[in-house]
Amino acid sequence: MMFVTEVDEDGKEKKKHELPFKHSMMLPAFTGIDAVRNVKAEGLINPRGFIIVDEHQRNPTFKNIYSVGVCVALPPVEKTPVPVGTPKTGYMIESMVTATAHNIAGELAGKEPHERPSLNALCLADMGDSGIAFLAVPQIPPRNTTWAQQGKWVHLAKIGFEKYFMRKIAKGISEPYYEKMILKFMGVVRLK
Ligand SMILES: Cc1cc2nc3c(=O)[nH]c(=O)nc-3n(C[C@H](O)[C@H](O)[C@H](O)COP(=O)(O)OP(=O)(O)OC[C@H]3O[C@@H](n4cnc5c(N)ncnc54)[C@H](O)[C@@H]3O)c2cc1C
(Lines give C-alpha, C1' and ligand atoms only; values in the text may rest on other atoms or scores of the structure.)
Protein backbone atom coordinates (compact mmCIF):
# COMPACT_ATOMS: atom_id res chain seq x y z
CA MET A 1 0.00 0.00 0.00
CA MET A 2 1.28 3.45 -0.86
CA PHE A 3 0.24 6.25 1.49
CA VAL A 4 -0.01 9.58 -0.32
CA THR A 5 -0.84 13.02 1.08
CA GLU A 6 -2.42 15.39 -1.41
CA VAL A 7 -1.74 19.07 -0.68
CA ASP A 8 -3.61 22.23 -1.64
CA GLU A 9 -2.23 25.28 -3.47
CA ASP A 10 -0.54 26.49 -0.29
CA GLY A 11 1.13 23.13 0.36
CA LYS A 12 -1.23 22.32 3.26
CA GLU A 13 -2.66 18.81 3.65
CA LYS A 14 -5.90 18.41 1.64
CA LYS A 15 -6.57 14.67 1.50
CA LYS A 16 -4.94 11.33 2.35
CA HIS A 17 -4.95 8.48 -0.18
CA GLU A 18 -4.14 4.78 0.20
CA LEU A 19 -3.14 3.29 -3.12
CA PRO A 20 -2.73 -0.48 -3.46
CA PHE A 21 -0.02 -1.48 -5.94
CA LYS A 22 1.92 -4.48 -7.25
CA HIS A 23 4.79 -2.57 -8.80
CA SER A 24 5.39 1.11 -8.23
CA MET A 25 8.04 3.77 -8.41
CA MET A 26 8.53 7.04 -6.55
CA LEU A 27 11.01 9.63 -7.72
CA PRO A 28 12.69 11.47 -4.86
CA ALA A 29 13.44 15.17 -5.32
CA PHE A 30 16.74 15.80 -7.08
CA THR A 31 19.60 17.14 -4.98
CA GLY A 32 23.27 17.78 -5.64
CA ILE A 33 25.72 14.91 -5.08
CA ASP A 34 27.39 14.46 -1.64
CA ALA A 35 30.84 15.44 -2.92
CA VAL A 36 29.55 18.90 -3.82
CA ARG A 37 26.67 19.30 -1.35
CA ASN A 38 29.05 19.04 1.62
CA VAL A 39 31.52 21.66 0.41
CA LYS A 40 31.51 24.59 2.83
CA ALA A 41 32.10 27.46 0.42
CA GLU A 42 29.66 30.38 0.51
CA GLY A 43 28.34 31.13 -2.97
CA LEU A 44 29.23 27.81 -4.59
CA ILE A 45 25.95 25.91 -4.12
CA ASN A 46 22.30 26.62 -3.39
CA PRO A 47 20.49 25.04 -0.37
CA ARG A 48 19.65 21.90 -2.43
CA GLY A 49 23.32 21.33 -3.27
CA PHE A 50 23.19 22.49 -6.90
CA ILE A 51 26.05 24.60 -8.26
CA ILE A 52 25.25 28.27 -8.84
CA VAL A 53 26.18 29.57 -12.30
CA ASP A 54 25.69 32.79 -14.21
CA GLU A 55 24.38 32.99 -17.79
CA HIS A 56 27.82 31.88 -19.02
CA GLN A 57 27.88 28.69 -16.85
CA ARG A 58 30.48 30.28 -14.52
CA ASN A 59 30.13 30.48 -10.76
CA PRO A 60 29.79 34.18 -9.84
CA THR A 61 31.88 33.82 -6.63
CA PHE A 62 34.52 31.33 -7.75
CA LYS A 63 35.23 32.53 -11.26
CA ASN A 64 37.59 29.65 -12.04
CA ILE A 65 34.67 27.19 -11.62
CA TYR A 66 32.34 26.38 -14.52
CA SER A 67 29.55 23.88 -14.17
CA VAL A 68 27.42 21.88 -16.65
CA GLY A 69 24.67 19.29 -16.40
CA VAL A 70 22.10 18.19 -13.84
CA CYS A 71 24.32 19.53 -11.03
CA VAL A 72 23.60 23.13 -12.08
CA ALA A 73 21.12 25.28 -10.13
CA LEU A 74 18.39 26.52 -12.48
CA PRO A 75 15.76 28.88 -11.00
CA PRO A 76 12.24 27.36 -10.58
CA VAL A 77 9.89 27.93 -13.52
CA GLU A 78 6.96 28.92 -11.29
CA LYS A 79 5.73 28.75 -7.69
CA THR A 80 4.47 25.24 -6.84
CA PRO A 81 2.80 23.86 -3.65
CA VAL A 82 5.83 21.66 -2.96
CA PRO A 83 9.27 22.73 -4.19
CA VAL A 84 10.19 21.04 -7.47
CA GLY A 85 13.26 21.49 -9.63
CA THR A 86 13.44 22.58 -13.24
CA PRO A 87 13.92 19.54 -15.50
CA LYS A 88 17.19 19.20 -17.39
CA THR A 89 17.60 17.06 -20.49
CA GLY A 90 20.40 15.90 -22.74
CA TYR A 91 20.41 18.51 -25.50
CA MET A 92 20.05 21.29 -22.93
CA ILE A 93 23.22 19.98 -21.28
CA GLU A 94 25.03 19.78 -24.63
CA SER A 95 24.26 23.48 -25.05
CA MET A 96 25.69 24.22 -21.56
CA VAL A 97 28.85 22.26 -22.45
CA THR A 98 29.27 24.08 -25.78
CA ALA A 99 28.94 27.51 -24.13
CA THR A 100 31.37 26.49 -21.37
CA ALA A 101 33.99 25.16 -23.81
CA HIS A 102 33.85 28.42 -25.80
CA ASN A 103 33.99 30.55 -22.66
CA ILE A 104 36.99 28.70 -21.18
CA ALA A 105 38.80 28.96 -24.54
CA GLY A 106 37.93 32.67 -24.61
CA GLU A 107 39.24 33.21 -21.08
CA LEU A 108 42.50 31.44 -21.95
CA ALA A 109 42.82 33.88 -24.84
CA GLY A 110 42.29 36.81 -22.45
CA LYS A 111 38.62 37.52 -23.29
CA GLU A 112 35.61 37.68 -20.96
CA PRO A 113 33.07 34.80 -21.20
CA HIS A 114 30.40 35.75 -23.74
CA GLU A 115 28.65 32.57 -24.96
CA ARG A 116 25.28 31.63 -23.44
CA PRO A 117 23.57 28.20 -23.74
CA SER A 118 20.27 28.06 -25.61
CA LEU A 119 18.79 25.50 -23.15
CA ASN A 120 16.60 24.02 -25.89
CA ALA A 121 15.19 20.51 -25.44
CA LEU A 122 14.94 17.85 -28.14
CA CYS A 123 14.14 14.44 -26.68
CA LEU A 124 13.36 10.88 -27.69
CA ALA A 125 11.91 9.38 -24.49
CA ASP A 126 11.86 5.58 -24.89
CA MET A 127 9.05 3.60 -23.20
CA GLY A 128 9.96 0.12 -24.41
CA ASP A 129 7.26 -0.64 -26.97
CA SER A 130 6.48 3.03 -27.58
CA GLY A 131 7.90 6.45 -26.88
CA ILE A 132 7.41 10.19 -26.97
CA ALA A 133 9.42 12.66 -29.02
CA PHE A 134 9.29 16.28 -27.97
CA LEU A 135 10.78 19.59 -28.91
CA ALA A 136 10.74 22.59 -26.56
CA VAL A 137 12.44 25.80 -27.66
CA PRO A 138 13.52 26.92 -25.14
CA GLN A 139 12.86 24.16 -22.56
CA ILE A 140 12.10 26.68 -19.82
CA PRO A 141 8.89 28.66 -20.60
CA PRO A 142 7.88 31.07 -22.11
CA ARG A 143 8.45 28.99 -25.25
CA ASN A 144 8.63 29.78 -28.94
CA THR A 145 8.00 26.13 -29.98
CA THR A 146 6.32 23.18 -28.27
CA TRP A 147 5.82 19.93 -30.18
CA ALA A 148 5.28 16.31 -29.07
CA GLN A 149 4.36 13.01 -30.75
CA GLN A 150 3.93 9.47 -29.44
CA GLY A 151 4.47 6.19 -31.29
CA LYS A 152 6.51 3.03 -31.79
CA TRP A 153 8.68 4.98 -34.25
CA VAL A 154 10.17 6.85 -31.28
CA HIS A 155 11.42 3.57 -29.76
CA LEU A 156 13.07 2.65 -33.08
CA ALA A 157 14.40 6.19 -33.55
CA LYS A 158 16.00 6.03 -30.09
CA ILE A 159 17.85 2.82 -31.01
CA GLY A 160 19.07 4.50 -34.20
CA PHE A 161 20.03 7.66 -32.31
CA GLU A 162 22.05 5.69 -29.73
CA LYS A 163 24.11 4.06 -32.47
CA TYR A 164 24.62 7.42 -34.23
CA PHE A 165 25.51 9.21 -30.97
CA MET A 166 28.05 6.59 -29.81
CA ARG A 167 29.70 6.60 -33.25
CA LYS A 168 30.10 10.36 -33.41
CA ILE A 169 31.47 10.51 -29.84
CA ALA A 170 33.93 7.68 -30.62
CA LYS A 171 35.08 9.75 -33.61
CA GLY A 172 35.50 12.81 -31.39
CA ILE A 173 33.03 15.01 -33.30
CA SER A 174 30.35 16.30 -30.96
CA GLU A 175 28.36 18.22 -33.59
CA PRO A 176 28.86 17.16 -37.23
CA TYR A 177 27.95 19.87 -39.78
CA TYR A 178 24.93 17.89 -41.13
CA GLU A 179 23.49 17.54 -37.58
CA LYS A 180 24.01 21.26 -37.01
CA MET A 181 22.27 22.09 -40.31
CA ILE A 182 19.25 19.81 -39.70
CA LEU A 183 18.76 21.08 -36.15
CA LYS A 184 19.17 24.69 -37.24
CA PHE A 185 16.45 24.10 -39.83
CA MET A 186 14.22 22.95 -36.92
CA GLY A 187 15.14 26.08 -34.94
CA VAL A 188 17.34 24.15 -32.48
CA VAL A 189 20.79 25.64 -31.86
CA ARG A 190 23.22 25.22 -28.97
CA LEU A 191 24.19 28.84 -28.38
CA LYS A 192 22.06 31.96 -28.03
C1 LIG B 1 15.06 7.85 -16.26
C2 LIG B 1 15.61 9.04 -17.01
C3 LIG B 1 15.29 9.18 -18.36
C4 LIG B 1 15.78 10.26 -19.08
N5 LIG B 1 15.45 10.36 -20.39
C6 LIG B 1 15.96 11.36 -21.13
C7 LIG B 1 15.70 11.46 -22.54
O8 LIG B 1 14.99 10.62 -23.12
N9 LIG B 1 16.23 12.48 -23.23
C10 LIG B 1 17.03 13.43 -22.62
O11 LIG B 1 17.49 14.34 -23.29
N12 LIG B 1 17.29 13.38 -21.29
C13 LIG B 1 16.79 12.37 -20.54
N14 LIG B 1 17.07 12.30 -19.19
C15 LIG B 1 17.89 13.33 -18.58
C16 LIG B 1 19.36 13.11 -18.91
O17 LIG B 1 19.66 11.74 -18.81
C18 LIG B 1 20.20 13.86 -17.91
O19 LIG B 1 19.79 15.21 -17.90
C20 LIG B 1 21.69 13.77 -18.29
O21 LIG B 1 22.14 12.45 -18.33
C22 LIG B 1 22.51 14.51 -17.25
O23 LIG B 1 23.86 14.49 -17.66
P24 LIG B 1 24.99 14.89 -16.67
O25 LIG B 1 26.27 14.63 -17.38
O26 LIG B 1 24.76 16.24 -16.11
O27 LIG B 1 24.82 13.91 -15.41
P28 LIG B 1 24.91 12.28 -15.33
O29 LIG B 1 24.63 11.68 -16.68
O30 LIG B 1 24.08 11.93 -14.17
O31 LIG B 1 26.46 12.10 -15.04
C32 LIG B 1 27.04 12.41 -13.77
C33 LIG B 1 28.14 11.41 -13.53
O34 LIG B 1 28.87 11.77 -12.35
C35 LIG B 1 29.18 10.59 -11.64
N36 LIG B 1 29.44 10.96 -10.25
C37 LIG B 1 28.56 11.24 -9.26
N38 LIG B 1 29.20 11.50 -8.11
C39 LIG B 1 30.53 11.41 -8.37
C40 LIG B 1 31.72 11.58 -7.59
N41 LIG B 1 31.67 11.91 -6.30
N42 LIG B 1 32.90 11.38 -8.20
C43 LIG B 1 32.98 11.05 -9.51
N44 LIG B 1 31.89 10.88 -10.29
C45 LIG B 1 30.68 11.06 -9.74
C46 LIG B 1 27.95 9.73 -11.83
O47 LIG B 1 28.27 8.37 -11.60
C48 LIG B 1 27.60 9.99 -13.30
O49 LIG B 1 28.27 9.11 -14.18
C50 LIG B 1 16.59 11.23 -18.44
C51 LIG B 1 16.93 11.07 -17.09
C52 LIG B 1 16.44 10.00 -16.38
C53 LIG B 1 16.82 9.85 -14.92
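Above this text is the structure in question.
Residues numbered from 1 in each chain as written. Predicted model: local features only at pLDDT ≥ 70, side-chain atom pairs only at ≥ 80, totals over all residues. Heavy atoms only, no water.

With respect to the pairing of strand β1 (residues 2–7)
So, point 1. Sheet analysis places β1 next to strand β2 (residues 13–19), joined by 6 bridges and oriented antiparallel. Looking at β2, one finds that V4 is bridged to H17.
So, point 2. Between β1 and β2, which pair antiparallel and follow one another directly, the connecting turn spans 5 residues, one of which, G11, has a positive phi of 85 degrees. (Pairing = 2+ DSSP bridges. Helix = DSSP H or I, 4+ residues; strand = E, 2+ residues; numbered from the N terminus.)

A look at the site of the ligand
So, point 1. Lining the immediate environment of the ligand, one finds I33, A35, G69, V70, K88, T89, G90, I93, C123, L124, A125 and K158.
So, point 2. For the ligand, an oxygen atom lies 3.1 Å from a polar atom in the backbone of K88.
So, point 3. Contact distances for the ligand include 3.1 Å between an oxygen atom and a backbone N or O atom of L124.
So, point 4. Here the ligand loses 34% of its free accessible area of 1,000 Å² to cover by the protein chains. (Near = heavy atom within 4 Å. Polar contact = N/O pair within 3.5 Å; in protein donor to acceptor, adjacent residues only side chain to side chain. Areas by Shrake-Rupley, 256 points an atom, 1.4 Å probe, with all protein chains shown as cover.)

Here we look at helix α3 (residues 152–170)
Given 3.6 residues per turn, any residue in an α-helix points the same way as the ones three and four places further on.
So, point 1. Here α3 contains 19 residues, and its C-alpha end-to-end distance of 28 Å stays within 8% of the 27 Å for a straight helix at 1.5 Å per residue.
So, point 2. Among all positions in α3, only V154, H155 and K168 are buried. End-on view of α3: buried residues confined to an arc of 150 degrees, all on one side of the axis. In α3, the exposed positions angled more than 90 degrees off the buried face are occupied by K152, K163, M166, R167 and A170.
So, point 3. Contact partners of the buried residues in α3: α2 (90–108), β3 (121–126), β4 (131–137), β5 (145–150) and α4 (177–185).
So, point 4. Trailing α3 by a residue or two, G172 shows a phi angle of about 80 degrees, which is positive. (Expected span 1.5 Å × (residues − 1). Buried < 20%, exposed > 50% of the residue type's maximum accessible area, 1.4 Å probe, protein only. Arc of directions from axis to C-beta. Contact = heavy atoms within 4.5 Å.)

Comments concerning the pattern of salt bridges
So, point 1. As enumerated under the stated definition, the model contains 10 salt bridges in all.
So, point 2. A salt bridge links E13 to K16, with the shortest nitrogen-to-oxygen separation between them at 3.5 Å. Neither E13 nor K16 differs from the other in exposure class; each is exposed.
So, point 3. Through salt bridges with shared partners, a single ionic network connects E94, K168, E175, E179 and R190. (Salt bridge = Lys/Arg side-chain N within 4 Å of Asp/Glu carboxyl O.)

A look at the packing of aromatic side chains
So, point 1. Using the criterion set out here, one finds 3 aromatic pairs in the structure.
So, point 2. Members of the aromatic cluster, connected to one another through ring pairs, are F161, Y164 and F165.
So, point 3. Positioned over the ring face of F50 is K88, at 4.4 Å from the centre of the ring. (Phe/Tyr/Trp six-rings, centres within 6.5 Å; stacked < 30°, edge-to-face > 60°. Lys NZ or Arg CZ within 6 Å of the ring centre and 35° of its normal.)

Regarding α2
So, point 1. For α2, with 19 residues, the first-to-last C-alpha span of 27 Å sits near the 27 Å given by 1.5 Å per residue.
So, point 2. Looking only at α2, the buried set comprises Y91, M92, S95, M96, T98, A99, T100, N103 and G106.
So, point 3. Contacts from the buried residues of α2 go to β3 and α4.
So, point 4. Phi turns positive one or two residues past the end of α2, at G110, with a value near 90 degrees.

Considerations on the environment of T100
So, point 1. Of note, T100 is situated in helix α2.
So, point 2. For the pair T100 and R58, spaced 42 residues apart in the sequence, the C-alpha separation amounts to 7.9 Å.
So, point 3. Excluding residues that lie within four positions of it along the chain, T100 makes contacts with Q57, Y66, S67 and V68.
So, point 4. A distance of 2.8 Å separates a polar atom in the side chain of T100 from the backbone oxygen of M96.

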